[in-house]
Amino acid sequence: MAKPKSRYVCQACGSVSSRWQGQCADCAEWNTLIQETAEVSSIFSAKHNLQGGGRVIPLVGLETPAALPDRLPSGLAEFDRAIGGGIVAGSAMLVGGDPGIGKSTLLLQVAARLASEGRRVVYVSGEESAEQVRLRAVRLGLGGAPVQLAAATSVRDILTTVGDREPPALLIIDSIQTMHSDLIEGAPGTVSQVRASAQELVRFAKERGTALVLVGHVTKDGSIAGPRVLEHMVDTVLSFEGERSHQYRILRAMKNRFGGTDEIGVFAMEGAGLTEVPNPSALFLTHRGEPVSGTSVFPAIEGSRPVLVEIQALTVRLATGATPRRAAVGWDSGRLAMILAVLEARCGLSFGTSEVYLNVAGGYRLSDPAADLAVAAALVSALSERPVPTEAVVLGEIALSGEVRPVAHAGLRLKESAKLGFETAWTPRSMKGDEGLKLAQFGNLRELVDQILGR
């Protein structure tokens, strides 16, 4: 019998090395190589011809009609919005998020809603005991829901338990990094164990029509831990985002085979658990009382939902010779530097002797280039100490030439702004508005600066 050989597998990217080394050669991560036992391969298995001996697979054409998958409403409208309209039977979802952000709370609420409607729901925890999960359910007011709880880490035991009778409508595994398969050597959480455990669970879900939800750990940079192949094995990858110091939480789809990836669900963490936020603009807008310099309101778009957020800027003049600092929270620092450069080169404003701080209120993160004009308005307002009118929203993309370019979904943005009581919109010159707002249009950035400075 051939002697088993050892190999070293990177826990971050899954690459295999014949010897241990401190840094992975593929992903450059440190101290991620873990020793595992390699499978013994024979000469026959290496040279075996696979062109015969199998079964014939039926082939179908693109014109073959296929019905849309039936969706099971979870009872939480924001959760259904993020995943595309409801849970699909036989689908596999992967939910990631920082520790303590509320992943288990959200899934427990979904499980309780479905179980209360007569669906069989199984919640398997590999990190907590069944009594701990039950105590959390009691704190959330869900103690009477007929959810079936279990504390287990063996995939064989879990599939034997849930497969001996009618398969559940929803199976929740919290978390996949704690599961292990006895067919693979290695400790739970290693690349081979995570891959093998997820594969067996996903296969069961596809064969029995059970909706599967896997909870995944995240790394320090916020990405889901484990091999990247784990994200390819599932149908939907959800990210539960938010700051633990803030009240709100955002459920965002990073991948979705049954819907779009541009919708979000907004929740607020309260004493009774996560509550839905049908109007998320209320979370990201502060009280609009007296005008304050350095602030502007931008109507962002998340999928088909407009969300109004407040952009705050602060400039602090420094002594001559000091190096000014630029800091941005919720906004790309590179784009901030670009807007500052355009303001200096095209509009004659000087930020070279001032520190610049930019913040998106409420911990919201913006990547929409349509926020350029709102950022520029906040910066000019902070530098000149002249406030932007409280009844105005600002939107537009800025080119390096100083031109203000039009943005997408302008009608939705202006309609939501009018609904929330805003009266004026500062927009690009080519934008048309029929939403009841007065439009102040600008062809280039210098016109916006003149508007704020009252020239």
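Please read all numbers here as calculations on a predicted model, not as lab measurements.

## A closer look at the overall build of the protein
Secondary structure summary: the protein contains 12 helices and 23 strands in total. Along the first, second and third principal axes, the C-alpha atoms of the protein reach 85 × 55 × 50 Å. Here the protein holds 455 residues, and the buried ones make up 47% of them. Pairs at least 24 residues apart make up 66% of the contacts formed inside the protein by residues separated by at least 6 positions. Accessible area of the protein: about 22800 Å², with a carbon and sulfur share of 51%. In the protein, 46 positive and 48 negative side-chain charges are present, and the distance between their average locations comes to 3 Å.

## A look at the UniProt feature "binding site: ATP" (unreviewed entry) in the protein
Per the UniProt record, the feature "binding site: ATP" (unreviewed entry) sits at Gly97, Asp98, Pro99, Gly100, Ile101, Gly102, Lys103 and Ser104. Topologically, proline 99 is positioned in the loop between strand 6 (92-97) and helix 3 (103-116). Owing to a relative accessible area of 59%, proline 99 belongs among the exposed residues under this scheme. Setting aside its immediate chain neighbours within four residues, proline 99 contacts Val218 and Arg244. One can find glycine 100 in the loop between strand 6 and helix 3. On the accessibility criterion, glycine 100 (55% relative accessible area) is exposed.

## Here's the deal with unusual backbone geometry
In the segment running from aspartate 174 into serine 175, the intervening peptide bond is cis, with an omega of 5°. Among the secondary structure elements, serine 175 is positioned in the loop between strand 9 (170-174) and helix 6 (191-208). Of note, the phi angle at asparagine 31 is positive, near 55°, even though the residue is not glycine. Of note in the backbone geometry, histidine 409 takes a positive phi value of approximately 55° without being a glycine. Structurally, the position occupied by histidine 409 is in the loop between strand 21 (404-405) and helix 11 (410-419). On the accessibility criterion, histidine 409 (46% relative accessible area) is partly exposed.

## Quick word on the nonpolar core
By size, the foremost hydrophobic cluster in this structure holds 64 residues, and its most contacted members are Phe298, Leu343, Leu366 and Leu379. Sorting elements by how many residues they give to this core places helix 10 (residues 372-384) first, with 10 residues. If we skip the residues at most four places from it in the chain, leucine 343 touches Gly348, Leu349, Phe351, Leu379, Val380, Leu445 and Val449.

## Focus on the pairing of strand 18 (residues 354-360)
Here strand 18 lies mainly inside the structure; five of its seven residues are buried. Here strand 16 (residues 305-317) runs beside strand 18; their pairing, made up of seven bridges, is antiparallel. Bridge pairing links leucine 314 to tyrosine 357 in strand 18. Looking at chain direction, strand 17 (residues 326-329) and strand 18 are connected through four bridges and run parallel. Following the sheet pairing, arginine 326 is matched in strand 18 by valine 356.

## A closer look at the packing of aromatic side chains
Taken as a whole and judged by the stated rule, the model has two aromatic pairs. Geometrically, the ring pair formed by phenylalanine 240 and phenylalanine 267 is edge-to-face, given 6.3 Å between the ring centres and 70° between the ring planes. Here the residue phenylalanine 240 occupies a position in strand 11 (residues 236-241), and phenylalanine 267 occupies one in strand 13 (residues 264-270), the gap between them amounting to 27 residues. On the accessibility criterion, phenylalanine 240 (2% relative accessible area) is buried. A centroid spacing of 5.8 Å and a plane angle of 70° characterise the contact between tryptophan 426 and phenylalanine 442, whose relative ring orientation is edge-to-face. On the criterion of sequence distance, the pair formed by tryptophan 426 in strand 22 (residues 424-428) and phenylalanine 442 in strand 23 (residues 438-442) is long-range, its members being 16 residues apart.

## What about the environment of leucine 214?
Tracing the backbone shows leucine 214 in strand 10 (residues 211-216). Separated by 122 residues in sequence, leucine 214 and alanine 92 place their C-alpha atoms 7.5 Å apart.

## A word on the environment of alanine 111
With respect to the helices, strands and loops of the structure, alanine 111 is situated in helix 3. A relative accessible area of 0% means that alanine 111 is categorised as buried. Each C-alpha atom of the pair alanine 111 and valine 147 lies 6.7 Å from the other, and the pair is 36 residues apart in sequence. Ignoring sequence-local partners within four residues, the contact set of alanine 111 consists of Val121, Val147, Leu170 and Ile172.

## Quick notes on the UniProt feature "domain: RecA family profile" (unreviewed entry) in the protein
The sites that carry the UniProt feature "domain: RecA family profile" (unreviewed entry) are, in the present numbering, residues 68-218. This span, residues 68-218, is 38% helix and 20% strand, and a straight line between its end C-alpha atoms measures 33 Å.

## So, the pairing of strand 16
One ladder, built from eight bridges, connects strand 15 (residues 295-302) with strand 16; its direction is antiparallel. What sits directly across from glutamate 302, in strand 16, is arginine 305. Counting the residues in the hairpin turn of strand 15 and strand 16 gives two residues, including glycine 303, whose phi is positive at 70°.

## A short note on the packing of helix 5 (residues 155-162) against helix 6
Taken N-terminus to C-terminus, the directions of helix 5 and helix 6 make an angle of 10°; their axes are 10 Å apart at the nearest point. In terms of axis orientation, helix 5 runs roughly parallel to helix 6. Residues Val155, Leu159 and Val162 of helix 5 touch helix 6, and the partners they reach there are Ser197, Glu200, Leu201 and Phe204. Class assignment for the residues of the contact of helix 5 with helix 6 results in five nonpolar, one polar and one charged.

What counts, and at which threshold
Residues numbered from 1 in each chain as written. Predicted model: local features only at pLDDT ≥ 70, side-chain atom pairs only at ≥ 80, totals over all residues. Heavy atoms only, no water. Helix = DSSP H or I, 4+ residues; strand = E, 2+ residues; numbered from the N terminus. Buried < 20%, exposed > 50% of the residue type's maximum accessible area, 1.4 Å probe, protein only. Contact = heavy atoms within 4.5 Å. Areas by Shrake-Rupley, 256 points an atom, 1.4 Å probe, with all protein chains shown as cover. Lys, Arg positive; Asp, Glu negative; His and termini not counted. Charge placed at Lys NZ, Arg CZ, Asp CG, Glu CD. UniProt positions renumbered as here; feature names shortened; annotations may be inferred. Core = buried A, V, L, I, M, F, W, Y, C linked by side-chain atoms within 4.5 Å. Pairing = 2+ DSSP bridges. Phe/Tyr/Trp six-rings, centres within 6.5 Å; stacked < 30°, edge-to-face > 60°. Axes fitted to C-alpha atoms, helices over the stretch in contact; angles between N-to-C directions. Parallel < 35°, antiparallel > 145°, perpendicular 65-115°, else oblique. Nonpolar A, V, L, I, M, F, W, Y, C, P; charged D, E, K, R; others polar.

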